[in-house]
Amino acid sequence: MSYVSDSLGPGETIVHEATIHWIVYFWPIVGTLISLVAAYFVPFYGLILLAAACLWLAVAWFMSRTTELAVTSRKVVAKWGFIARSTIEQRLEKVDSVAVDQTFLGRVLDFGNVTIHGTGINATPIKSIADPLAFRRKVEQAIEARRDVG
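Cut-off values and rules
Residues numbered from 1 in each chain as written. Predicted model: local features only at pLDDT ≥ 70, side-chain atom pairs only at ≥ 80, totals over all residues. Heavy atoms only, no water. Helix = DSSP H or I, 4+ residues; strand = E, 2+ residues; numbered from the N terminus. Expected span 1.5 Å × (residues − 1). Contact = heavy atoms within 4.5 Å. Pairing = 2+ DSSP bridges. Axes fitted to C-alpha atoms, helices over the stretch in contact; angles between N-to-C directions. Core = buried A, V, L, I, M, F, W, Y, C linked by side-chain atoms within 4.5 Å. Buried < 20%, exposed > 50% of the residue type's maximum accessible area, 1.4 Å probe, protein only. Patch = residues over 30% accessible without salt bridge, like charges linked within 9 Å, V, L, I, M, F, W, Y side chains within 5 Å. Areas by Shrake-Rupley, 256 points an atom, 1.4 Å probe, with all protein chains shown as cover. Salt bridge = Lys/Arg side-chain N within 4 Å of Asp/Glu carboxyl O. 1 Å grid on protein atoms, 1.4 Å probe; cavity = no way out; pocket = protein on both sides within 12 Å on 5 of 7 lines; lining within 4 Å. Points joined across faces, edges and corners; volume = space filled by probe spheres on them. Nonpolar A, V, L, I, M, F, W, Y, C, P; charged D, E, K, R; others polar.

Whenever I open this one, helix 2 (residues 26-41) confuses me. Can you help?
Residues that lie three or four places apart on an α-helix share one face, since the helix turns once every 3.6 residues. With 16 residues, helix 2 extends 23 Å between its outermost C-alpha atoms, agreeing within 8% with the 22 Å of an ideal straight helix rising 1.5 Å per residue. Those residues of helix 2 that are buried lie in contact with helix 3 (43-65).

Structural data, given as structure tokens:
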């Protein structure tokens, strides 16, 4: 069971779940390909580089798999890590704004950083999120739905 599902209160539902964009694998894959070429030409050092690149790729995969991002009917939830875990749960009533930062490449490939600004917490950046505009839109819709109910 996921952290987000476990953190739901009575009557609370998940409105939107987001993921980390595949771009986090780009440089580890490039490193793996370069180390494969190096392993062919300089076997000993190339294999050391290959091991390091494979570890880098595994870390990127593990980090993307252990990150949970969601908007519920009452809060925004972000969780990073597996054994050592960091979480942010910001109630929708306390969210002041949601900022999206996208580079040119981020706009083309549809990824970016989302920063939640709220009362009682520091600005919380969520890096390399896939479709950050949809995430911001879902947060805003959940805030509006919450205001209409309350």
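Further notes follow.
What exactly am I supposed to notice about the sheet that holds strand 1 (residues 14-18) here?
Strand pairing within a sheet occurs via backbone hydrogen bonds; the two strands may be parallel or antiparallel. Taken in spatial order, the 4 strands of this open sheet run 1-2-3-4, and their pairing is antiparallel. Whereas interior strands pair on both sides, the edge strands pair on one side only; in this sheet they are strand 1 and strand 4 (86-91). Here the strands of the sheet are splayed against their neighbours by 15° on average, with no regard to which way each runs. Taken together, the 4 bridges between strand 1 and strand 2 (residues 68-72) define a ladder with antiparallel strand orientation. Across the sheet, the residue bridging to Ile 14 is Thr 72, located in strand 2. Each of strand 1, strand 2, strand 3 (75-80) and strand 4 is contacted by helix 5 (residues 132-149), which is oriented at about 30° to strand 2, the strand it contacts most.

Which parts of the structure should I look at to understand the nonpolar core?
As a rule of thumb, soluble globular proteins bury nonpolar side chains together. Within the largest apolar cluster, 18 residues are counted, with the highest numbers of intra-cluster contacts made by Leu 69, Val 76, Val 95, Val 114, Ile 116, Phe 135 and Val 139. Looking at this core, the elements that each hand over two or more residues are strand 2, strand 3, strand 5 (95-101), strand 6 (111-118), strand 7 (124-130) and helix 5. Here Phe 135 is in contact with His 16, Ala 18, Leu 69, Ala 70, Val 71, Val 76, Val 114, Ile 116, Ile 126 and Ile 129, once residues within four sequence places are set aside.

For this particular structure, what's the right way to read the environment of Val 114?
Tracing the backbone shows Val 114 in strand 6. For Val 114, a relative accessible area of 0% gives the class buried. In this view, Val 114 contacts Val 98, Ala 99, Val 100, Thr 124, Pro 125, Ile 126, Ile 129, Pro 132 and Phe 135; residues no more than four positions away in its chain are not counted.

Please clarify how a nonpolar patch on the surface should be interpreted in this entry.
A cluster of nonpolar side chains, contributed by Val 37, Tyr 40, Phe 41, Val 42, Phe 44, Tyr 45 and Ile 48, occupies part of the molecular surface with about 850 Å² of accessible area. Looking at the nonpolar patch, the elements that each hand over two or more residues are helix 2 and helix 3. Relative to the elements of secondary structure, Tyr 45 occurs in helix 3.

Just checking my understanding: could you explain the pattern of salt bridges for this structure?
Pairs can form between side chains of opposite charge whenever their charged atoms are close. Counted according to the given criterion, the structure contains 6 salt bridges. Its salt-bridge partner being Arg 146, residue Glu 93 comes within 2.8 Å of it at the nearest N-O pair. Remark: Arg 146 occurs in helix 5 and Glu 93 occurs in the loop between strand 4 and strand 5; sequence separation between them is 53 residues. A relative accessible area of 45% places Glu 93 in the partly exposed class.

Just checking my understanding: could you explain the layout of surface pockets for this structure?
To find leftover empty space, one rolls a probe the size of a water molecule over the atoms. Space inside the largest pocket adds up to approximately 320 Å³. Residue lining of the largest pocket: 19 residues in total, with Ser 64, Arg 65, Thr 66, Thr 67 and Glu 68 positioned closest to the centre. Only strand 1, helix 3 and strand 2 provide two or more residues apiece to the lining of the largest pocket. For the lining of the largest pocket, the element with the highest residue contribution is strand 2, accounting for 3 residues. In the lining of the largest pocket, the residues fall into 8 nonpolar, 6 polar and 5 charged. Lining the second largest pocket are Ile 20, Val 24, Val 59, Ala 60, Met 63, Ser 64, Thr 67, Trp 80, Lys 127 and Ser 128. Elements represented by at least two residues in the lining of the second largest pocket include exactly helix 3 and strand 7. Per element, the largest residue contribution to the lining of the second largest pocket is 4 residues, and it comes from helix 3. Residue classes in the lining of the second largest pocket are distributed as 6 nonpolar, 3 polar and 1 charged.

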